[in-house]
Amino acid sequence: MAEAALFALDRLSQAVGAKAMYKRCEPLLLGGFQDGADWARRRGALLTLSMTAKGCDTALQFHLPELLPLLISFVRDPHPRVRYACQVCLTRLCDDLPNEPDGRPFQKQYGGIVLPAVIISLTDPGNQAYPRILASAALAVSSFAVPNKCTPKVLKPHLEPLLRSLFHLLDTAALFVKEESMTAVAMVAAVAEEAFRPFFATFVPIVKMLLSEATRDSDGTMCLLGMKALEAFAMIGDAVGREAFRKTRMTFCNSFQAVTRRY
């Protein structure tokens, strides 16, 4: 029932229009974001914001300066379902919001507070028992690091802790978390370009290990991860340039042949 209601909100917000829909949703949002609201109301407010972001985009632009700090505070919420909803909401905002009135994309306007919040979710020890939160945070990174919306200048101050946290997930997390993390690394590299070069030497052993595991996989469970690893390897090779990629090109070619033969 709750899931059906959320999808209905998405469709309704696009049909009704930004101003009218936001006016009706604002009490629910502010009520869920206020101190003392129980976890279900907090989660409901976050999911309402995420599902109405596309339909309320023009109205939200004027309220984000007050709403976003409240939203970000939920990355440390004591309830895991609220922390998960927070990452879902950040992902939808990155995907759905148009440029700000001054012409800047959401990523350029709010990257300084969104990226640290996502890094907190990726590294919080309390989230290690909740892989869905980790996967959702990695997905938020992929939605944030879109080349036509994000720039190397936005990423650079946060690049080292962001990549370190994603590399850690690629090494230790559940399979579906690794899949999302691999895509996130590729998207970050595509935006960072030359700034990714110092991290390339750390990435290569990780991707080689994952590709080796994918080729030895007996039941096909690692097929998607193997394909994502090849895609990431190619995107990162393009980002760091020919000279940096030269030493690993045979590894990539051999892995490509092995994975495509296996699957």
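No experiment lies behind these values; they were computed from the predicted model shown. (Residues numbered from 1 in each chain as written. Predicted model: local features only at pLDDT ≥ 70, side-chain atom pairs only at ≥ 80, totals over all residues. Heavy atoms only, no water.)

### Here's the deal with the environment of phenylalanine 167
We count it as follows: Working definition: helices are DSSP H or I runs of at least four residues, strands are E runs of at least two. Numbering for both runs from the N terminus. Relative accessibility decides the category of a residue: with a 1.4 Å probe and only protein chains considered, values under 20% of the type maximum give buried, values over 50% give exposed, and everything between is partly exposed. It only takes one pair of heavy atoms within 4.5 Å for two residues to be counted as in contact.
In this fold, phenylalanine 167 is placed in helix H9 (residues 159–172). Judged by relative accessible area, phenylalanine 167 falls into the buried class, the value being 8%. Along the backbone, phenylalanine 167 and phenylalanine 203 are 36 residues apart, and their C-alpha atoms lie at a distance of 7.2 Å. Discounting chain neighbours no more than four positions away, the residues touching phenylalanine 167 are Val185, Phe196, Phe199, Thr202, Phe203 and Ile206.

### So, helix H11 (residues 197–216)
Inclusion rule: The span expected for a helix works out to 1.5 Å for each residue beyond the first. We define the bend at any residue as the angle between the axes fitted to the seven residues before and including it, ending there, and the seven starting there.
The end-to-end C-alpha distance of H11, which contains 20 residues, comes to 29 Å, matching closely the 28 Å that a straight helix rising 1.5 Å per residue would cover. The sharpest bend along H11 measures roughly 35° and falls at phenylalanine 203, with the proline proline 205 sitting one to four residues further on. Along H11, the residues that are buried comprise Phe199, Phe200, Phe203, Val204, Ile206, Val207, Leu210, Leu211 and Ala214.

### Points about the pattern of salt bridges
Put simply, the test is: Salt bridges are defined by distance alone: a side-chain nitrogen of Lys or Arg within 4 Å of a carboxyl oxygen of Asp or Glu.
For the coordinates displayed, the defined rule picks out three salt bridges. With a shortest N-O distance of 2.7 Å, arginine 42 and aspartate 77 are connected by a salt bridge. One end of the pair, arginine 42, is in helix H3 (residues 39–52); the other, aspartate 77, is in the loop between helix H4 (57–72) and helix H5 (80–96), with 35 residues separating them in the sequence. In terms of burial, arginine 42 and aspartate 77 fall into one category: buried.

### Some details on the environment of alanine 184
In this fold, alanine 184 is placed in helix H10 (residues 175–192). Sequence separation between alanine 184 and alanine 145 is 39 residues, and the spatial gap between their C-alpha atoms is 7.9 Å.

### Topic: the packing of H5 against helix H7 (residues 131–144)
Inclusion rule: Axis angles are defined between N-to-C directions and span 0 to 180 degrees, where every axis is a line fitted to C-alpha atoms and, for a helix, only to the segment in contact. An angle counts as roughly parallel when it lies under 35 degrees, as roughly antiparallel when it exceeds 145, as roughly perpendicular when it falls between 65 and 115, and as oblique in every other case. Two helices cross in a left-handed way if the nearer one is turned anticlockwise from the farther one by less than a right angle. They cross in a right-handed way if the turn is clockwise. Lys, Arg, Asp and Glu make up the charged group, whereas Ala, Val, Leu, Ile, Met, Phe, Trp, Tyr, Cys and Pro make up the nonpolar group; the residues left over, Gly among them, are polar.
Between H5 and H7, the least distance of the axes is 8 Å, while the angle of their chain directions is 15°. When the interaxial angle is binned, H5 and H7 end up roughly parallel. Here H5 and H7 pass one another in a crossing that is left-handed. Each of Pro80, Arg83, Tyr84, Gln87, Val88, Thr91, Cys94 and Asp95 in H5 lies in contact with H7, whose residues at this interface are Arg132, Ile133, Ser136, Ala137, Leu139, Ala140, Ser143 and Phe144. Class assignment for the residues of the contact of H5 with H7 results in nine nonpolar, four polar and three charged.

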